[in-house]
Amino acid sequence: MQNQIRLNINNDEVLENQYYINEIRRTNDDFFLSFNEKKKFHIITYGCQMNEHDSEKLTAMLKNMGYEETDSYETADIIIFNTCAVRENAELRVYGNLGHIKHIKKTKKDLILAVSGCMMQQPHIVEEIKKKYKYVDLVFGTHNVHNFPKLLSSVYEEKKQIIEVWNSEGRILEGMPYERKLGLKAYVNIMYGCNNFCTYCIVPYTRGRERSREKENIIDEVNKLVQDGVKEITLLGQNVNSYGTTFEELYDFADLLEDVSKIDGIERIRFMTSHPKDLSDKLIYIIKDNPKVCEYVHLPIQSGSNAILKSMNRKYTREDYLEIVRKLKENIPNVSLSTDIIIGFPGETEEDVDATIELIEEVGYDSAFTFIYSKREGTPAARFEQHIPNDVQHKRFEKMLSVLNKTVIARNKTRMGEVYEVLVEDRAKKDTDFLIGRSRENYLITFKGSNDLIGKLVDVKITNPKNFSMEGEIINTPVL
Ligand code: 5AD
Ligand code: SF4
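Criteria and thresholds
For every chain, the first residue of the written sequence is number 1, and numbering continues from 1 onward in sequence order. The lettering of chains begins at A and the numbering of ligands begins at 1, in the order of writing. The predicted origin of the model limits local features to residues at a pLDDT of at least 70 and limits the giving and counting of side-chain atom pairs to 80 or more, whereas totals for whole chains, interfaces and linings rest on all residues. Note: side-chain values were computed over all heavy atoms of the structure, leaving out hydrogens and water. With a 1.4 Å probe rolled over the protein chains alone, any residue whose accessible area is under 20% of its type maximum counts as buried; one over 50% counts as exposed, and the rest are partly exposed. Helical segments are the DSSP runs of H or I of at least four residues, strand segments are the runs of E of at least two, and each set is numbered from the N terminus. Working definition: the arc comes from the directions between the helix axis and the C-beta atoms, pointing outward to the latter. Residues count as neighbours in contact if any of their non-hydrogen atoms are within 4.5 Å of one another. We treat two strands as partners when DSSP finds at least two bridges between them. Here an angle of 0 to 180 degrees is reported between the N-to-C directions of two axes, which are lines fitted to C-alpha atoms, with helices fitted over the stretch in contact. An automatic or database domain assignment supplies the residue ranges for each domain. By convention, the term buried area covers the 1.4 Å-probe accessible surface removed from two parts as they join, with the contributions of both added. The salt bridge definition used is simple: a Lys or Arg side-chain nitrogen within 4 Å of an Asp or Glu carboxyl oxygen. Pairs of N or O atoms within 3.5 Å make up the polar contacts considered here, provided that, within protein, one atom can donate a hydrogen while the other can accept it, and that residues adjacent in sequence are counted only when both atoms are side-chain atoms. Note on residue categories: nonpolar means Ala, Val, Leu, Ile, Met, Phe, Trp, Tyr, Cys or Pro, charged means Asp, Glu, Lys or Arg, and polar means any other residue, Gly included.

Trainee: Please clarify how helix α4 (residues 123-132) should be interpreted in this entry.
Mentor: Each α-helix winds once per 3.6 residues, and so residues spaced three or four apart point in a common direction. Every buried residue belonging to α4 is among Ile-125, Val-126 and Ile-129, and all of these are buried. Angular distribution of buried residues about the axis of α4 spans 100°; they occupy a single face of the element. In α4, the exposed residues that point more than 90 degrees away from the buried face are Lys-131 and Lys-132. Tucked into the core, α4 has its buried residues touching α3 (88-107), β4 (112-117), β5 (138-140) and β6 (162-164).

Okay, structure coming up:
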(Lines give C-alpha, C1' and ligand atoms only; values in the text may rest on other atoms or scores of the structure.)
(Ligands and ions follow the chains in the order given, each with its own letter.)
Protein backbone atom coordinates (compact mmCIF):
# COMPACT_ATOMS: atom_id res chain seq x y z
CA MET A 1 0.00 0.00 0.00
CA GLN A 2 2.98 2.27 0.47
CA ASN A 3 3.48 5.30 -1.74
CA GLN A 4 0.60 4.61 -4.01
CA ILE A 5 -0.28 7.46 -6.33
CA ARG A 6 -2.95 9.59 -4.82
CA LEU A 7 -6.53 8.87 -5.78
CA ASN A 8 -9.11 11.57 -5.40
CA ILE A 9 -10.79 11.53 -2.05
CA ASN A 10 -14.52 11.54 -2.55
CA ASN A 11 -17.69 11.16 -0.61
CA ASP A 12 -17.33 7.39 -0.71
CA GLU A 13 -14.22 7.69 1.41
CA VAL A 14 -16.06 9.80 3.97
CA LEU A 15 -18.84 7.21 4.11
CA GLU A 16 -16.39 4.32 4.22
CA ASN A 17 -14.56 5.81 7.18
CA GLN A 18 -17.81 6.58 8.92
CA TYR A 19 -18.61 2.88 8.52
CA TYR A 20 -15.33 1.89 10.21
CA ILE A 21 -15.87 4.46 12.97
CA ASN A 22 -19.25 2.82 13.69
CA GLU A 23 -17.82 -0.70 13.51
CA ILE A 24 -15.01 0.00 15.96
CA ARG A 25 -17.37 1.92 18.20
CA ARG A 26 -19.63 -1.13 18.47
CA THR A 27 -16.71 -3.28 19.61
CA ASN A 28 -15.60 -0.63 22.07
CA ASP A 29 -19.13 -0.26 23.46
CA ASP A 30 -19.15 -4.03 24.10
CA PHE A 31 -15.78 -3.72 25.85
CA PHE A 32 -17.21 -0.94 28.02
CA LEU A 33 -20.27 -3.00 28.93
CA SER A 34 -18.05 -5.94 29.96
CA PHE A 35 -15.30 -4.09 31.84
CA ASN A 36 -16.93 -0.78 32.75
CA GLU A 37 -14.04 1.20 31.35
CA LYS A 38 -13.16 2.64 27.98
CA LYS A 39 -10.11 1.79 25.92
CA LYS A 40 -7.65 4.67 25.92
CA PHE A 41 -5.42 6.51 23.48
CA HIS A 42 -2.44 8.82 23.80
CA ILE A 43 -1.16 11.06 20.97
CA ILE A 44 2.28 12.68 21.04
CA THR A 45 2.53 15.57 18.61
CA TYR A 46 5.73 17.11 17.27
CA GLY A 47 6.17 20.24 15.20
CA CYS A 48 3.89 22.92 13.87
CA GLN A 49 0.23 23.92 14.23
CA MET A 50 -0.64 21.90 11.12
CA ASN A 51 0.43 18.79 12.98
CA GLU A 52 -1.39 19.86 16.14
CA HIS A 53 -4.48 20.30 14.05
CA ASP A 54 -4.07 16.85 12.47
CA SER A 55 -3.79 15.44 16.00
CA GLU A 56 -7.04 17.21 16.88
CA LYS A 57 -8.67 15.40 13.97
CA LEU A 58 -7.26 12.03 15.07
CA THR A 59 -8.42 12.74 18.62
CA ALA A 60 -11.91 13.45 17.42
CA MET A 61 -12.05 10.31 15.27
CA LEU A 62 -10.81 8.19 18.17
CA LYS A 63 -13.42 9.67 20.50
CA ASN A 64 -16.09 8.98 17.90
CA MET A 65 -14.85 5.40 17.88
CA GLY A 66 -15.45 5.18 21.62
CA TYR A 67 -11.91 5.63 22.96
CA GLU A 68 -11.00 7.95 25.80
CA GLU A 69 -7.93 10.19 25.93
CA THR A 70 -5.21 9.51 28.50
CA ASP A 71 -2.13 11.60 29.20
CA SER A 72 0.32 8.75 29.71
CA TYR A 73 1.90 6.04 27.58
CA GLU A 74 1.50 3.47 30.29
CA THR A 75 -2.29 3.53 30.47
CA ALA A 76 -2.88 3.73 26.71
CA ASP A 77 -4.23 1.01 24.41
CA ILE A 78 -3.33 3.04 21.32
CA ILE A 79 -0.28 5.31 21.07
CA ILE A 80 0.23 7.59 18.08
CA PHE A 81 3.38 9.56 17.35
CA ASN A 82 2.42 12.39 15.00
CA THR A 83 5.87 13.31 13.76
CA CYS A 84 7.67 16.33 12.30
CA ALA A 85 10.42 16.23 9.67
CA VAL A 86 11.48 19.86 9.71
CA ARG A 87 14.59 19.27 11.83
CA GLU A 88 16.67 16.22 12.59
CA ASN A 89 16.47 16.37 16.38
CA ALA A 90 12.68 15.93 16.34
CA GLU A 91 13.23 12.81 14.23
CA LEU A 92 15.81 11.43 16.64
CA ARG A 93 13.44 11.92 19.56
CA VAL A 94 10.79 9.87 17.76
CA TYR A 95 13.20 6.97 17.27
CA GLY A 96 14.17 7.19 20.95
CA ASN A 97 10.55 7.09 22.04
CA LEU A 98 9.74 4.16 19.74
CA GLY A 99 12.55 2.25 21.47
CA HIS A 100 10.96 3.00 24.83
CA ILE A 101 7.54 1.76 23.71
CA LYS A 102 9.09 -1.53 22.57
CA HIS A 103 9.51 -2.45 26.24
CA ILE A 104 5.91 -1.57 27.05
CA LYS A 105 4.73 -3.66 24.09
CA LYS A 106 6.51 -6.70 25.48
CA THR A 107 4.23 -6.78 28.51
CA LYS A 108 1.15 -5.31 26.88
CA LYS A 109 0.55 -7.41 23.79
CA ASP A 110 -2.64 -5.63 22.64
CA LEU A 111 -1.09 -2.18 22.61
CA ILE A 112 -1.35 -0.55 19.17
CA LEU A 113 1.52 1.68 18.15
CA ALA A 114 1.04 4.07 15.20
CA VAL A 115 3.32 6.67 13.63
CA SER A 116 2.06 9.40 11.34
CA GLY A 117 2.96 12.87 10.09
CA CYS A 118 5.67 14.44 7.96
CA MET A 119 8.47 11.97 8.80
CA MET A 120 6.41 9.18 7.26
CA GLN A 121 6.23 11.01 3.92
CA GLN A 122 9.91 10.21 3.44
CA PRO A 123 10.48 6.75 1.91
CA HIS A 124 13.84 6.20 3.66
CA ILE A 125 12.15 6.63 7.04
CA VAL A 126 9.39 4.17 6.21
CA GLU A 127 12.08 1.70 5.13
CA GLU A 128 13.84 2.20 8.47
CA ILE A 129 10.60 1.51 10.36
CA LYS A 130 9.93 -1.60 8.29
CA LYS A 131 13.41 -2.89 9.00
CA LYS A 132 14.17 -1.87 12.56
CA TYR A 133 10.81 -1.15 14.17
CA LYS A 134 8.76 -4.16 13.13
CA TYR A 135 6.62 -3.79 16.25
CA VAL A 136 5.08 -0.55 14.93
CA ASP A 137 1.54 -1.58 13.93
CA LEU A 138 0.54 1.30 11.69
CA VAL A 139 2.36 3.87 9.57
CA PHE A 140 0.38 6.57 7.75
CA GLY A 141 1.23 9.85 6.06
CA THR A 142 -0.02 13.43 6.09
CA HIS A 143 -2.38 12.75 3.16
CA ASN A 144 -3.92 9.73 4.89
CA VAL A 145 -5.19 11.17 8.16
CA HIS A 146 -8.80 11.00 6.95
CA ASN A 147 -8.36 7.25 6.37
CA PHE A 148 -7.31 6.52 9.94
CA PRO A 149 -10.50 4.65 11.00
CA LYS A 150 -10.17 2.27 8.05
CA LEU A 151 -6.46 1.75 8.72
CA LEU A 152 -7.06 1.09 12.39
CA SER A 153 -9.66 -1.47 11.50
CA SER A 154 -7.09 -3.20 9.22
CA VAL A 155 -4.64 -3.30 12.14
CA TYR A 156 -7.21 -5.10 14.28
CA GLU A 157 -8.08 -7.53 11.52
CA GLU A 158 -4.79 -8.26 9.77
CA LYS A 159 -2.45 -8.29 12.79
CA LYS A 160 0.55 -7.23 10.68
CA GLN A 161 2.28 -3.91 10.04
CA ILE A 162 -0.01 -1.70 7.96
CA ILE A 163 1.52 1.10 5.90
CA GLU A 164 -0.37 3.72 3.92
CA VAL A 165 1.54 6.75 2.70
CA TRP A 166 0.25 8.57 -0.35
CA ASN A 167 2.92 10.63 -1.99
CA SER A 168 0.73 13.28 -3.46
CA GLU A 169 -2.24 15.27 -2.30
CA GLY A 170 -5.61 15.31 -4.00
CA ARG A 171 -8.85 17.14 -3.73
CA ILE A 172 -9.40 18.59 -0.25
CA LEU A 173 -11.65 16.37 1.79
CA GLU A 174 -14.55 18.15 3.44
CA GLY A 175 -17.18 16.78 5.75
CA MET A 176 -15.16 14.21 7.69
CA PRO A 177 -17.14 13.79 10.87
CA TYR A 178 -15.02 15.04 13.68
CA GLU A 179 -15.58 16.89 16.88
CA ARG A 180 -12.67 18.56 18.57
CA LYS A 181 -11.70 19.40 22.10
CA LEU A 182 -12.91 22.93 22.19
CA GLY A 183 -11.85 25.76 24.33
CA LEU A 184 -12.06 29.40 23.53
CA LYS A 185 -9.56 29.19 20.73
CA ALA A 186 -9.40 26.99 17.64
CA TYR A 187 -7.27 26.53 14.57
CA VAL A 188 -8.89 26.43 11.16
CA ASN A 189 -6.98 25.22 8.11
CA ILE A 190 -7.56 27.49 5.14
CA MET A 191 -5.03 25.84 2.87
CA TYR A 192 -2.69 22.89 2.73
CA GLY A 193 0.78 22.33 1.33
CA CYS A 194 3.36 24.77 0.04
CA ASN A 195 4.72 25.78 -3.37
CA ASN A 196 7.63 27.86 -2.21
CA PHE A 197 10.44 25.35 -2.07
CA CYS A 198 12.72 27.25 0.27
CA THR A 199 15.93 25.29 -0.27
CA TYR A 200 16.27 24.12 3.36
CA CYS A 201 12.68 23.00 3.85
CA ILE A 202 11.13 19.54 3.62
CA VAL A 203 7.51 20.73 3.91
CA PRO A 204 6.71 20.99 0.16
CA TYR A 205 7.76 17.35 -0.13
CA THR A 206 5.85 16.11 2.91
CA ARG A 207 2.69 18.22 2.71
CA GLY A 208 2.39 18.49 -1.07
CA ARG A 209 1.37 21.34 -3.36
CA GLU A 210 -0.51 24.37 -2.18
CA ARG A 211 -4.30 24.12 -2.30
CA SER A 212 -6.90 26.41 -0.73
CA ARG A 213 -10.13 25.36 0.90
CA GLU A 214 -13.31 26.85 -0.55
CA LYS A 215 -14.37 29.88 1.46
CA GLU A 216 -17.87 28.43 2.07
CA ASN A 217 -16.34 25.42 3.85
CA ILE A 218 -14.13 27.63 6.00
CA ILE A 219 -17.02 29.89 6.94
CA ASP A 220 -19.21 26.89 7.74
CA GLU A 221 -16.52 25.52 10.03
CA VAL A 222 -16.07 28.84 11.82
CA ASN A 223 -19.85 29.13 12.29
CA LYS A 224 -19.92 25.69 13.91
CA LEU A 225 -16.99 26.59 16.15
CA VAL A 226 -18.77 29.74 17.32
CA GLN A 227 -21.85 27.71 18.20
CA ASP A 228 -19.58 25.56 20.34
CA GLY A 229 -18.24 28.56 22.24
CA VAL A 230 -15.05 29.43 20.33
CA LYS A 231 -14.20 33.14 20.44
CA GLU A 232 -10.81 33.29 18.80
CA ILE A 233 -9.71 31.53 15.65
CA THR A 234 -6.34 31.21 14.00
CA LEU A 235 -6.47 30.70 10.26
CA LEU A 236 -3.70 28.30 9.32
CA GLY A 237 -1.62 27.77 6.20
CA GLN A 238 2.07 27.51 5.30
CA ASN A 239 1.63 30.76 3.41
CA VAL A 240 -1.79 32.32 4.09
CA ASN A 241 -0.95 35.30 1.89
CA SER A 242 -1.29 33.19 -1.23
CA TYR A 243 -4.74 31.90 -0.23
CA GLY A 244 -7.07 31.65 -3.22
CA THR A 245 -4.48 31.94 -6.01
CA THR A 246 -5.85 28.76 -7.56
CA PHE A 247 -9.47 29.98 -7.58
CA GLU A 248 -11.12 31.10 -10.78
CA GLU A 249 -12.80 34.08 -9.12
CA LEU A 250 -10.64 36.84 -7.68
CA TYR A 251 -10.78 36.16 -3.98
CA ASP A 252 -7.75 36.52 -1.73
CA PHE A 253 -6.75 36.16 1.90
CA ALA A 254 -7.79 39.71 2.78
CA ASP A 255 -11.27 38.99 1.36
CA LEU A 256 -11.45 35.83 3.46
CA LEU A 257 -10.53 37.77 6.61
CA GLU A 258 -13.32 40.25 5.87
CA ASP A 259 -15.86 37.47 5.37
CA VAL A 260 -14.82 35.53 8.46
CA SER A 261 -14.96 38.69 10.54
CA LYS A 262 -18.66 39.10 9.63
CA ILE A 263 -19.50 35.98 11.63
CA ASP A 264 -21.26 36.97 14.85
CA GLY A 265 -19.61 35.60 17.96
CA ILE A 266 -16.05 35.53 16.66
CA GLU A 267 -14.21 38.12 18.67
CA ARG A 268 -10.66 37.71 17.45
CA ILE A 269 -9.04 36.47 14.28
CA ARG A 270 -5.39 35.54 13.99
CA PHE A 271 -3.51 33.93 11.15
CA MET A 272 -0.22 32.29 10.38
CA THR A 273 2.12 32.01 8.52
CA SER A 274 2.68 35.04 6.28
CA HIS A 275 5.37 34.74 3.65
CA PRO A 276 6.93 38.22 3.25
CA LYS A 277 6.99 37.95 -0.54
CA ASP A 278 3.17 37.81 -0.67
CA LEU A 279 2.06 40.21 2.08
CA SER A 280 -0.21 42.75 0.40
CA ASP A 281 -1.07 46.35 1.30
CA LYS A 282 -4.70 45.24 1.28
CA LEU A 283 -3.90 42.87 4.16
CA ILE A 284 -2.14 45.63 6.12
CA TYR A 285 -5.25 47.84 5.79
CA ILE A 286 -7.51 45.05 7.00
CA ILE A 287 -5.41 44.47 10.09
CA LYS A 288 -5.53 48.22 10.64
CA ASP A 289 -9.26 48.71 10.05
CA ASN A 290 -11.01 45.48 10.98
CA PRO A 291 -11.52 45.42 14.75
CA LYS A 292 -11.64 41.63 14.91
CA VAL A 293 -8.31 41.04 13.14
CA CYS A 294 -5.54 41.08 15.75
CA GLU A 295 -2.51 43.33 15.46
CA TYR A 296 -0.05 40.49 15.37
CA VAL A 297 1.91 39.29 12.34
CA HIS A 298 4.23 36.29 12.27
CA LEU A 299 6.61 37.19 9.46
CA PRO A 300 9.51 34.77 9.06
CA ILE A 301 12.69 36.52 7.91
CA GLN A 302 14.97 33.39 8.15
CA SER A 303 18.10 35.51 7.53
CA GLY A 304 19.04 39.18 7.39
CA SER A 305 21.63 38.60 4.67
CA ASN A 306 20.66 39.03 1.04
CA ALA A 307 23.15 36.40 -0.11
CA ILE A 308 21.66 33.81 2.26
CA LEU A 309 18.08 34.81 1.44
CA LYS A 310 18.88 34.22 -2.23
CA SER A 311 20.47 30.90 -1.53
CA MET A 312 17.41 29.96 0.59
CA ASN A 313 15.15 30.86 -2.38
CA ARG A 314 13.09 33.19 -0.22
CA LYS A 315 12.31 35.59 -3.12
CA TYR A 316 12.62 38.82 -1.11
CA THR A 317 15.54 40.94 0.00
CA ARG A 318 16.34 42.37 3.40
CA GLU A 319 15.24 45.76 2.01
CA ASP A 320 11.88 44.38 0.78
CA TYR A 321 11.30 42.91 4.23
CA LEU A 322 12.19 46.10 6.09
CA GLU A 323 9.85 48.04 3.81
CA ILE A 324 6.95 45.74 4.77
CA VAL A 325 7.82 46.19 8.44
CA ARG A 326 7.88 49.97 7.95
CA LYS A 327 4.43 49.91 6.34
CA LEU A 328 3.04 47.65 9.05
CA LYS A 329 4.32 49.93 11.81
CA GLU A 330 3.22 53.11 10.06
CA ASN A 331 -0.34 51.85 9.64
CA ILE A 332 -0.72 49.79 12.79
CA PRO A 333 1.19 51.54 15.60
CA ASN A 334 0.69 48.74 18.15
CA VAL A 335 1.54 45.94 15.70
CA SER A 336 3.43 43.08 17.28
CA LEU A 337 5.87 41.13 15.13
CA SER A 338 7.36 37.69 15.50
CA THR A 339 9.61 35.77 13.17
CA ASP A 340 11.53 32.59 12.35
CA ILE A 341 15.32 32.68 12.07
CA ILE A 342 17.72 30.01 10.84
CA ILE A 343 21.38 30.17 11.81
CA GLY A 344 24.13 28.07 10.26
CA PHE A 345 22.76 27.73 6.73
CA PRO A 346 25.34 26.37 4.23
CA GLY A 347 27.76 29.06 3.05
CA GLU A 348 26.88 31.44 5.92
CA THR A 349 29.67 33.81 7.02
CA GLU A 350 30.13 35.78 10.25
CA GLU A 351 29.03 38.86 8.28
CA ASP A 352 25.78 37.12 7.32
CA VAL A 353 25.07 36.44 10.99
CA ASP A 354 25.85 40.07 11.84
CA ALA A 355 23.42 41.18 9.16
CA THR A 356 20.72 39.03 10.81
CA ILE A 357 21.57 40.45 14.23
CA GLU A 358 21.36 44.03 12.92
CA LEU A 359 18.01 43.28 11.36
CA ILE A 360 16.70 41.84 14.63
CA GLU A 361 17.63 45.08 16.38
CA GLU A 362 16.20 47.23 13.64
CA VAL A 363 12.83 45.45 13.49
CA GLY A 364 12.38 45.04 17.26
CA TYR A 365 10.61 41.68 17.36
CA ASP A 366 8.29 40.82 20.22
CA SER A 367 9.16 37.15 19.94
CA ALA A 368 10.94 34.76 17.61
CA PHE A 369 11.35 31.08 16.86
CA THR A 370 15.03 30.41 16.31
CA PHE A 371 16.58 27.37 14.68
CA ILE A 372 19.95 25.93 13.90
CA TYR A 373 20.01 24.80 10.28
CA SER A 374 19.34 21.09 10.01
CA LYS A 375 20.24 19.23 6.83
CA ARG A 376 17.18 17.51 5.36
CA GLU A 377 17.81 14.81 2.77
CA GLY A 378 15.93 15.51 -0.43
CA THR A 379 16.05 19.30 -0.15
CA PRO A 380 18.31 21.37 -2.45
CA ALA A 381 20.34 22.80 0.45
CA ALA A 382 21.37 19.30 1.53
CA ARG A 383 23.46 19.20 -1.64
CA PHE A 384 25.00 22.66 -1.15
CA GLU A 385 28.70 22.99 -0.40
CA GLN A 386 30.17 24.66 2.67
CA HIS A 387 28.04 23.11 5.38
CA ILE A 388 28.81 24.87 8.64
CA PRO A 389 30.39 22.72 11.38
CA ASN A 390 28.19 22.04 14.37
CA ASP A 391 30.28 23.96 16.91
CA VAL A 392 30.37 27.07 14.69
CA GLN A 393 26.61 26.86 14.17
CA HIS A 394 26.12 26.73 17.93
CA LYS A 395 28.46 29.66 18.63
CA ARG A 396 26.72 31.82 16.04
CA PHE A 397 23.34 30.76 17.35
CA GLU A 398 24.24 31.79 20.92
CA LYS A 399 25.50 35.15 19.68
CA MET A 400 22.26 35.81 17.79
CA LEU A 401 20.10 34.55 20.65
CA SER A 402 21.67 36.82 23.24
CA VAL A 403 20.91 39.90 21.11
CA LEU A 404 17.42 38.67 20.35
CA ASN A 405 16.65 38.05 24.02
CA LYS A 406 17.96 41.47 24.99
CA THR A 407 15.76 43.11 22.36
CA VAL A 408 12.65 41.18 23.39
CA ILE A 409 13.22 41.84 27.12
CA ALA A 410 13.91 45.54 26.54
CA ARG A 411 10.67 45.88 24.57
CA ASN A 412 8.73 44.07 27.28
CA LYS A 413 10.08 46.40 30.00
CA THR A 414 8.73 49.48 28.18
CA ARG A 415 5.18 48.22 28.69
CA MET A 416 4.87 49.23 32.34
CA GLY A 417 1.53 50.99 32.84
CA GLU A 418 0.16 50.08 29.38
CA VAL A 419 -3.37 48.68 29.15
CA TYR A 420 -4.15 45.61 27.03
CA GLU A 421 -7.38 43.84 26.10
CA VAL A 422 -6.91 40.26 27.27
CA LEU A 423 -8.99 37.18 26.40
CA VAL A 424 -8.96 35.26 29.68
CA GLU A 425 -8.00 31.66 28.91
CA ASP A 426 -7.47 29.79 32.14
CA ARG A 427 -5.97 29.81 35.59
CA ALA A 428 -2.26 30.59 35.31
CA LYS A 429 -1.37 27.55 37.39
CA LYS A 430 -3.44 25.33 39.58
CA ASP A 431 -3.76 26.67 43.14
CA THR A 432 -2.89 30.29 42.41
CA ASP A 433 -5.08 33.40 42.31
CA PHE A 434 -3.74 34.26 38.91
CA LEU A 435 -5.50 34.00 35.57
CA ILE A 436 -3.71 33.91 32.24
CA GLY A 437 -4.55 35.19 28.79
CA ARG A 438 -3.23 36.86 25.67
CA SER A 439 -3.58 40.39 24.42
CA ARG A 440 -4.56 41.16 20.83
CA GLU A 441 -0.84 41.52 20.17
CA ASN A 442 -0.32 37.96 21.46
CA TYR A 443 1.45 39.06 24.66
CA LEU A 444 1.15 36.57 27.50
CA ILE A 445 -0.31 38.33 30.57
CA THR A 446 -1.17 37.09 34.07
CA PHE A 447 -3.37 38.87 36.62
CA LYS A 448 -5.48 38.14 39.68
CA GLY A 449 -9.11 37.25 39.09
CA SER A 450 -11.86 34.72 39.60
CA ASN A 451 -12.72 31.71 37.43
CA ASP A 452 -15.93 33.27 36.13
CA LEU A 453 -13.80 35.66 34.06
CA ILE A 454 -12.51 32.76 31.92
CA GLY A 455 -13.73 33.31 28.37
CA LYS A 456 -14.26 37.03 28.87
CA LEU A 457 -12.39 40.01 27.47
CA VAL A 458 -10.92 42.22 30.21
CA ASP A 459 -8.66 45.26 30.23
CA VAL A 460 -5.44 44.68 32.13
CA LYS A 461 -2.94 47.33 33.21
CA ILE A 462 0.67 46.13 33.30
CA THR A 463 2.23 46.41 36.75
CA ASN A 464 5.20 44.10 36.36
CA PRO A 465 6.71 43.54 32.92
CA LYS A 466 8.90 40.46 33.25
CA ASN A 467 11.32 39.13 30.66
CA PHE A 468 9.04 37.14 28.39
CA SER A 469 5.61 37.71 29.96
CA MET A 470 3.85 40.41 31.94
CA GLU A 471 1.89 40.69 35.17
CA GLY A 472 -0.92 43.18 35.53
CA GLU A 473 -4.21 44.02 37.20
CA ILE A 474 -7.71 44.14 35.80
CA ILE A 475 -8.98 47.68 35.47
CA ASN A 476 -12.51 46.85 34.40
CA THR A 477 -14.57 43.83 35.32
CA PRO A 478 -17.16 42.84 32.73
CA VAL A 479 -20.74 42.40 33.88
CA LEU A 480 -20.98 38.66 34.50
N1 5AD B 1 16.57 23.64 9.47
C2 5AD B 1 16.29 24.56 10.41
N3 5AD B 1 15.12 25.20 10.48
C4 5AD B 1 14.19 24.93 9.54
N5 5AD B 1 12.95 25.41 9.34
C6 5AD B 1 12.42 24.79 8.27
N7 5AD B 1 13.30 23.91 7.77
C8 5AD B 1 14.42 23.98 8.53
C9 5AD B 1 15.67 23.33 8.51
N10 5AD B 1 15.98 22.43 7.57
C11 5AD B 1 12.35 26.44 10.17
C12 5AD B 1 12.04 27.71 9.34
C13 5AD B 1 10.55 27.67 9.24
C14 5AD B 1 10.17 27.01 10.55
C15 5AD B 1 8.80 26.47 10.62
O16 5AD B 1 11.13 25.97 10.69
O17 5AD B 1 12.47 28.83 10.08
O18 5AD B 1 9.99 28.95 9.09
FE1 SF4 C 1 8.94 25.60 4.08
FE2 SF4 C 1 9.38 27.89 2.78
FE3 SF4 C 1 7.05 26.59 2.45
FE4 SF4 C 1 7.57 27.80 4.78
S5 SF4 C 1 7.33 28.82 2.79
S6 SF4 C 1 6.73 25.72 4.49
S7 SF4 C 1 9.77 27.50 4.97
S8 SF4 C 1 9.06 25.89 1.83
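Trainee: Explain the sheet that holds strand β16 (residues 434-439) here, please?
Mentor: Ordered by their spatial adjacency, five strands build a closed barrel running β15-β16-β17-β19-β18, and the pairing between neighbours is mixed. Mean inter-strand twist for the sheet, computed between neighbouring axes without regard to direction, equals 55°. With five bridges joining them, β16 and strand β17 (residues 444-448) adopt antiparallel strand pairing. Residue Ile-436 lies in a different strand from β17, and its bridge partner there is Thr-446.

Trainee: Can you help me understand the sheet that holds strand β11 (residues 268-272) in this one?
Mentor: Spatially, β7-β10-β11 is the arrangement adopted by the three strands of the open sheet, whose pairing is parallel. Each edge of the sheet is formed by a strand with only one pairing partner; in this case those strands are β7 (185-189) and β11. Looking at each pair of strands side by side, their axes are set apart by 25° on average, direction ignored. Its contacts with the sheet place helix α2 (residues 49-64) against β7, β10 (232-236) and β11, and it is angled at close to 100° to β7. Sheet contacts for helix α7 (residues 215-227): β7 and β10; angle to β7, the most-contacted strand, approximately 165°.

Trainee: Honestly, the domain arrangement of the protein chain in this entry has me stumped. Any pointers?
Mentor: The extent of an interface is frequently quoted as the accessible surface area lost upon association of the parts. Taken as a whole, the protein chain is organised into domain 1 (4-164), domain 2 (182-265), domain 3 (295-411) and domain 4 (419-474). Domain 3 and domain 4 are separated by 30 Å when their C-alpha centres are compared. In this complex, domain 3 contributes eight residues to the contact, which on the side of domain 4 involves six residues. Between domain 3 and domain 4, the buried area comes to about 680 Å², and carbon and sulfur atoms account for 49% of it. Counting the surface domain 3 buries against domain 4, the share from its top three residues, Glu-295, Tyr-296 and Ile-409, is 57%. Here domain 3 and domain 4 share one salt bridge between them. Here Glu-295 ties to Arg-440 by a salt bridge, and the two come within 2.8 Å at their closest N and O atoms. On inspection of domain 3 and its partner domain 4, the count reaches four residue pairs in polar contact (both at pLDDT 80 or more). No other element matches helix α13 (residues 390-413), which puts three residues into the side of domain 3 that touches domain 4. Among the residues making up the side of domain 3 that touches domain 4, the classes are represented as three nonpolar, three polar and two charged.

Trainee: In this structure, what is going on with unusual backbone geometry? I would like to understand it.
Mentor: With the exception of glycine, most residues fall at negative phi, and the peptide bonds are largely trans. Here the residue pair Met-272 and Thr-273 is connected by a cis peptide bond, since its omega of 10° sits within 30 degrees of zero. Considering the arrangement of structural elements, one finds Thr-273 in the loop between β11 and α9 (281-289). The backbone phi angle of Gln-302 is positive, close to 75°, even though this residue is not glycine. Tracing the sequence through the fold places Gln-302 in the loop between β12 (296-298) and α10 (306-311). Look at Asn-442: it is not a glycine, yet its phi comes out positive at around 80°. Tracing the backbone shows Asn-442 in the loop between β16 and β17.

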